[in-house]
Amino acid sequence: MEDIRNVRLAPLKDSNYLKPFRFLYTQNGTPKSWDLLGVHDSVGIIIYNITRKVLVLVKQFRPAVYYSSVHPDNRKDTIDTDKYPGSLGTTLELCAGIVDKNKSLLEIAREEALEECGYDIPADKMEEIATCRSGVGEQSALFTVFFCEVTDDMKTGAGGGIENELIEIVEKTIPEMEEMMNSPGPLASPPGFLYAIMWFLHHKAGKYKN
Ligand SMILES: Nc1ncnc2c1ncn2[C@@H]1O[C@H](COP(=O)(O)OP(=O)(O)O[C@H]2O[C@H](CO)[C@@H](O)[C@H](O)[C@H]2O)[C@@H](O)[C@H]1O
Ligand SMILES: [Mg+2]
């Protein structure tokens, strides 16, 4: 996963994932504008395995995280991967996916849990806990978080993602997550993940500790 080479930057002409545009308006009569980025909404799932008392998380290479770890002076057409190894771009996240199909958020969450983590989770085991905005500056996509308890016998597949996704399943105990949340960082995780883990530690972790 971390063997990243041949990194090059290119102009973006059109994209299935990002749509930049300008938003024009008046506020109290003053003309204004704001540059925006249209992106998909997404879902994430807090998966807690009660058989082995671990949170089931995913590690993956995120190009945006890698790119932002490169010093601005070195963001050229090609990036030196000896100086900047792929490990700089890996994150720890919830199992998650974009809402790019005409299916319910719950169905998409179930599909992602199976594709990325190998758990076949019945719909009635998924608890929708909160929806927040994944960014309010340039985009304002919704991020909906689900929670579910799983057991080892719900694991029917290997996980790891579909097509050419390379996703590693990472299991963390509650004390390991508490330690991570108390470390100064920078944490290689998005705010939606940190919010979800705080929610889990606050509302759920106590009952699993004994
Ligand atoms: N910009 C892009 N360029 C090229 N290919 C792209 C792309 N965006 C998506 N894709 C393709 O679409 C797939 C989408 O994967 P997922 O549905 O699992 O969403 P992901 O977990 O990456 O992000 C979701 O989950 C995380 C939460 O961890 C949220 O932050 C995030 O907004 C949400 O999309 C990627 O594997 C890739 O093939
Ligand atoms: Mg995903």
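Reading the values: rules and limits
Residues numbered from 1 in each chain as written. Chains lettered and ligands numbered in written order. Predicted model: local features only at pLDDT ≥ 70, side-chain atom pairs only at ≥ 80, totals over all residues. Heavy atoms only, no water. Donors = N, O, S within 2.8 Å, 3.2 Å for Na, K, Ca; no water. Helix = DSSP H or I, 4+ residues; strand = E, 2+ residues; numbered from the N terminus. Buried < 20%, exposed > 50% of the residue type's maximum accessible area, 1.4 Å probe, protein only. Near = heavy atom within 4 Å. Polar contact = N/O pair within 3.5 Å; in protein donor to acceptor, adjacent residues only side chain to side chain. Areas by Shrake-Rupley, 256 points an atom, 1.4 Å probe, with all protein chains shown as cover. Nonpolar A, V, L, I, M, F, W, Y, C, P; charged D, E, K, R; others polar. Pairing = 2+ DSSP bridges. Phe/Tyr/Trp six-rings, centres within 6.5 Å; stacked < 30°, edge-to-face > 60°. Lys NZ or Arg CZ within 6 Å of the ring centre and 35° of its normal.

J.: What should I look at first to understand the coordination of the magnesium ion (ligand 2) in this one?
T.: Six octahedral donors around a metal ideally subtend angles of 90 or 180 degrees, whereas four tetrahedral donors ideally subtend 109.5 degrees. Every protein donor of the magnesium ion (ligand 2) is listed here as Ala96 (O) and Glu116 (OE), and their distances to the metal cover 2.1 to 2.2 Å. Taken together, the residues span a long stretch of sequence, with Ala96 in strand S8 (residues 95-98) and Glu116 in helix H2 (residues 105-117) at a distance of 20 residues. Under the relative-accessibility criterion, Ala96 is labelled partly exposed at 21%. When its relative accessible area of 2% is taken as the criterion, Glu116 is described as buried.

J.: In this structure, what is going on with the site of ligand 1? I would like to understand it.
T.: Around ligand 1, the surrounding shell consists of Tyr17, Ser42, Arg62, Glu93, Ala96, Gly97, Ile98, Glu112, Glu116, Phe143 and Glu165. Between Arg62 and ligand 1, the recorded distance is 2.8 Å, taken from a side-chain N or O atom to an oxygen atom. Calculation on ligand 1 without its partners gives an accessible area of 740 Å², and the protein chains cover 62% of this total. Broken down by secondary-structure element, the contributors of at least two residues to the shell around ligand 1 are S8 and H2. Broken down by element, the residue count for the shell around ligand 1 peaks at three residues, all from S8. For the shell around ligand 1, the class distribution of residues is four nonpolar, two polar and five charged.

J.: Just to check I follow, could you spell out the pairing of strand S5 (residues 54-61) for this structure?
T.: In regular strands, side chains alternate between the two faces of the sheet. Buried residues dominate S5, accounting for seven of its eight residues. Of the strand pairs in this sheet, strand S4 (residues 42-49) and S5 are connected by three bridges, and their pairing is antiparallel. By the bridge assignment, Asn49 is partnered in S5 with Val54. Two successive antiparallel strands, S4 and S5, enclose a turn made up of four residues, where Lys53 displays a positive phi of approximately 55°. Both S5 and strand S11 (residues 168-172) contribute to a ladder of five bridges, which runs antiparallel.

J.: Where do I start with unusual backbone geometry in this structure?
T.: Where the residue is not glycine, phi is negative for most of them; where a peptide bond is considered, it is trans in most cases. A cis geometry characterises the amide bond from Gly185 onward to Pro186, with omega recorded as 5°. With respect to the helices and strands, Pro186 occurs in the loop between helix H3 (174-181) and helix H4 (191-203). Unlike most non-glycine residues, Asn28 shows phi in positive territory, near 50°. On the secondary structure map, Asn28 appears in the loop between strand S2 (19-27) and strand S3 (30-38). Overall, the relative accessible area of 82% leaves Asn28 in the exposed class. Phi is positive for Glu163, which is not a glycine, with a value near 50°. You can see Glu163 is positioned in the loop between strand S10 (142-150) and S11.

J.: What am I meant to see in the packing of aromatic side chains here?
T.: Each pair of aromatic rings is reported with the distance of its centres and the angle of its planes. Taken as a whole and judged by the stated rule, the model has seven aromatic pairs. With 5.7 Å between their ring centres and 50° between their planes, Phe147 and Trp199 make a pair best called tilted. Taken together, the residues Phe147 in strand S10 and Trp199 in helix H4 connect sequence positions 52 residues apart. Side by side, Phe147 and Trp199 carry an identical accessibility label, which is buried. Every member of this aromatic cluster is reached through a ring pair, and the members are Tyr48, Phe147, Trp199, Phe200 and Tyr208. Here the guanidinium or amino end of Arg75 rests over the ring plane of Tyr67, the centre of that ring lying 4.6 Å away.

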